[in-house]
Structures are given as C-alpha cells and as structure tokens.
Amino acid sequence: MALTFVDGFDDWVLANRAQEGWTQANGSSGFSVTNVTGRRASSSAIQIAHTSATSNSWANISRSITAVSTLFTHVAVNFSVMPTTNSRILWQFRESTTVHITVYMKPTGDLAVYRGLGTTLLGTSAVISAATWASLEMKVVIHDSTGSVDIRVNGVSILALSGVDTRNGGTGVIDNIIIGEINNSGLSIGYTVIIDDLLMYDTTGSVCNTWTGDVRVDSLLPTGAGSSTQFTPSTGSNYTCVDEATSNTTDYVDSSTAGHVDLYAFADLSHSPTNIYGVYLAALATKDDAGSRLLKVKMKSSSSTADSSSLALTNGSWERKAAVFEVDPATSAAWTKTALNA
C-alpha cells in the first residue's frame, strides 16, 4: 500500500472530490473552507478560517483511507491567525467514529496531543511560528501500550511520544482523518489555518515508507496527445478536453468500446526534486447507460505501462477515479525527473 494518497488542493470542487473519499462539513456560519493561493504562486491550498463566534460555527474536511495501524502524514501548514482563547482542533486520526488521536493548536503556538477528543493529554510540542509556511510531519502508531506519536516541523522533532496508549477503542486502526474543527464548543474568533501539499502513507512501500522531510505536490496537466487516441473528443483534440486545472464536464472524451485507451503527453516537472515519492493519476469519469462499465487509469513510461485496478463507474454521476504509481513502470524503481518528464 505504501503511499496511499496525495493532494495539492489545486482542484477543490467538492462535487468532484466526494467520490474520492473527501467530505466537507460546515456549521451555520463563522468557519469556512475555501481555496486560496498555496505556498507557491502557482498552487492552491485549503483555508479553514473562523471569523465569528456564532453558535454552531465550525468547518472541516475529512477523508476515508485504507485502514492501517501506522500512518505518516505530511502537510504544509500556515497558521496565519492563531486561536485567540481556546485550543482548536487541527487534526484527528479516527477509526470510523472512534477518535484515537486529536492534535490541537493552542493559543500559545504549541500543539497538544490527546487520546480521544481532548480526553487524555499525551504531550505538548514546542512552539510553531505563526503566519509562515512550515512542513508538518506526523507519525501515529495505534496501540494499547506501545503506541507512539511523533511530530516534526521543517524536519526537526518537536514532540516524540513512545510507549503510550494511543488506542481509544475499536480494533486499533486509522481509517479516516479529519482536518479542522468538528464542533462549536468554546470557539475562539480569528483562527485560520491553510493546508497544502498533503501526503499520507504507511511503512510498507519500497519508496515512501519513512520520514520524507519537506515535500511538495505538483499538479501536471496534459499538453498533447499520447501514443494512443482511441477515445472520441467532444470538441477539438483529445487532450484539450482533459487539460483543465479545475475539472469540469463541459468537454470530455468518450468511447463505447471496451479496451480503448487514450494517452496524453504531460507538462514537464519544472524543478529538480531530491526524491519523487510517486505519481497520483486522476480522471473524472462517468458512464451514460445501464450495465457494468469499468475504468483503469494507465501510466506509460518509455514502452512500459502500468494499470490501476478496475474502477467501477456510475451511471450519470461524474466521479474522480485515481491511483498511485509509486514506482516507474519501466524500471520498477523510484521515479526520476528525467523518466517522469519523458
């Protein structure tokens, strides 16, 4: 499983993202979830902001993941406004509705880690600077007695808890995460956090299985036709129907023939990363009649290809279908910039 999910939040249309596992919840007012400029001028991020103390004012985004007992997460965070009075929830590691670990941001600028929803304090971190971007990595191991929570900021450990009880019931796995506030208890005015460059992964992969340090998620879009153009464009060329930064369904490619393949050339990666931990390939897709239809997303590197598992389509419902390609199909090793750009 290894690298399970990445998101640069460059396309945050909830209707597109819901079938990928994301949900968004809001109270009646006060908190909001919006797209803003990310930590790079060319990227977008998610801003969760609290602007009033109105009753029932809260907001969060959440995502289901494959159940694991050890989970690494990385995000770029910017606490542009710290909580003014009460600690606010930043992150929750959950098993269904069971809250194993909650990470709070405190008005003092440090993080507090609890088992459960503020039930048992496990530890408090060093202070995180406000109004500046930071790389925040968290490793959580769920166990009754040998659990652990480790937090790093910009590669430096600010909290290391080991041999603690991190299991708050359930079977001892994490199968969903929540980012943001979940209720209106003791809200403080002026709390704003911006999230970008999200990774989630476990320890089983060959490339991404331990601390990554600061990472970025780059969105690359189609720029031309690939070596197979078997789908029919609704207008223009095949690649111009699927090259939008924010997905829409006004133009598209389609086929009624099983086995047809559409491939696309993509924009090059402009910078030179030390490591490439994987490629997350996504498509917005639907089917328009009864009966079973499946989709696979395909990666081609040199003359080698790799397919995702079969992804079921829904009649009349556009859904995002995606897969992670952690290694280069041509070498079965970690991606290089040269191979990715080729």
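Keep in mind the model is a prediction, meaning the values are calculated, not measured.

The rules behind these values
Residues numbered from 1 in each chain as written. Predicted model: local features only at pLDDT ≥ 70, side-chain atom pairs only at ≥ 80, totals over all residues. Heavy atoms only, no water. Helix = DSSP H or I, 4+ residues; strand = E, 2+ residues; numbered from the N terminus. Rg over C-alpha atoms; globule rule 2.2 N^0.38 Å. Contact = heavy atoms within 4.5 Å. Areas by Shrake-Rupley, 256 points an atom, 1.4 Å probe, with all protein chains shown as cover. Salt bridge = Lys/Arg side-chain N within 4 Å of Asp/Glu carboxyl O. Pairing = 2+ DSSP bridges. Axes fitted to C-alpha atoms, helices over the stretch in contact; angles between N-to-C directions. Buried < 20%, exposed > 50% of the residue type's maximum accessible area, 1.4 Å probe, protein only. Phe/Tyr/Trp six-rings, centres within 6.5 Å; stacked < 30°, edge-to-face > 60°. Polar contact = N/O pair within 3.5 Å; in protein donor to acceptor, adjacent residues only side chain to side chain.

Peer 1: Tell me about the overall build of the chain, and please be specific about residues and values.
Peer 2: Within the chain, the regular secondary structure consists of two helices and 25 strands. Taken over C-alpha atoms, the radius of gyration comes to 21 Å for the chain, in line with the 20 Å a tight globule of 342 residues would show. Counting only C-alpha atoms, the chain reaches 60 × 40 × 40 Å along its principal axes. Pairs at least 24 residues apart make up 65% of the contacts formed inside the chain by residues separated by at least 6 positions. For the chain, the accessible area works out to roughly 14600 Å², and carbon and sulfur atoms hold 48% of it.

Peer 1: Residues and numbers for the pattern of salt bridges, please.
Peer 2: This model, assessed by the stated rule, comprises eight salt bridges. One continuous salt-bridge network, built from bridges that share partners, spans R39, R40, D197 and D214.

Peer 1: Now, about the sheet that holds strand 2 (residues 22–26): what can you tell me, with residues and values included?
Peer 2: One open sheet accounts for seven strands, arranged 2-5-14-7-8-9-10; its pairing is antiparallel. Bordering the open sheet on either side are strand 2 and strand 10 (120–127), each of which pairs with just one other strand. For this sheet the average axis-to-axis angle between neighbouring strands, irrespective of direction, equals 20°. As paired strands, strand 8 (residues 98–105) and strand 9 (residues 110–115) are joined by five bridges and run antiparallel to one another. Note on strand 9: the bridge partner recorded for T102 is Y114.

Peer 1: How would you explain unusual backbone geometry if you had to name every residue and give the values?
Peer 2: Phi angles above zero are rare outside glycine, and F9 is one such case at about 60°. Its place among the elements puts F9 in the loop between strand 1 (3–7) and helix 1 (14–17). On the basis of relative accessibility, which here comes to 0%, the residue F9 falls in the buried class.

Peer 1: Account for the packing of aromatic side chains, naming residues and giving values.
Peer 2: Going through the model one piece at a time under the given rule, you end up with six aromatic pairs. Centre to centre, the rings of F72 and Y201 are 4.9 Å apart; their planes meet at 0°, and the pair counts as stacked. Of this pair, F72 sits in strand 6 (residues 70–81) while Y201 sits in strand 15 (residues 192–201), and the two are 129 residues apart along the sequence. Aromatic pair Y252 and W318: ring centres 6.4 Å apart, planes at 50°, arrangement tilted. Placement of Y252 in the loop between strand 17 (232–233) and strand 18 (253–254) and of W318 in the loop between strand 24 (311–312) and strand 25 (319–325) is noted, with a sequence separation of 66 residues between them. Put simply, the rings of F72, Y201 and W211 touch in pairs and so form one group of aromatic residues.

Peer 1: Explain the environment of T192 residue by residue, including any values.
Peer 2: With respect to the helices and strands, the residue T192 is situated in strand 15. Classification of T192 by relative accessible area gives buried; the value is 10%. For the pair formed by T192 and A49, sequence separation is 143 residues and the distance between their alpha carbons is 4.2 Å. Setting aside anything within four residues of it in sequence, one finds T192 in contact with Q47, I48, A49, H50, N78, F79, S80 and V81.

Peer 1: Provide a residue-level description of the pairing of strand 8, including the pertinent values.
Peer 2: For strand 8, the tally of buried residues reaches seven of eight residues, placing the bulk of the element in the interior. Bridge analysis of strand 7 (residues 88–95) against strand 8 gives seven bridges, and the strand direction is antiparallel. Within strand 8, the position partnered with E95 by the bridge is T98. What sits between strand 7 and strand 8 in their antiparallel hairpin is a turn of two residues, with S96 showing a positive phi close to 55°. Between strand 8 and strand 9, which pair antiparallel one after the other, the connecting turn spans four residues, and G109 there sits at a positive phi close to 95°.

Peer 1: Can you break down the side chain of D110 residue by residue, with the values?
Peer 2: Along the chain, D110 turns up in strand 9. For D110, a relative accessible area of 11% translates into the label buried. Within the structure, D110 has its side chain in polar contact with the side chain of T108 (distance 2.4 Å). Residues in contact with D110, not counting those within four places in the same chain, are Y104, M105, T124, S125, A126 and V127.

Peer 1: Could you give me a rundown of the environment of Y277, with the residues and numbers involved?
Peer 2: Positionally, Y277 belongs in the loop between strand 19 (262–266) and strand 20 (279–285). Residues Y277 and G224, 53 residues apart in the sequence, show an inter-C-alpha distance of 25 Å. Engagement of the side chain of Y277 in a polar contact is seen with the side chain of N275, the distance being 3.4 Å.

Geometric descriptors of this kind do not, in isolation, establish any biological role.
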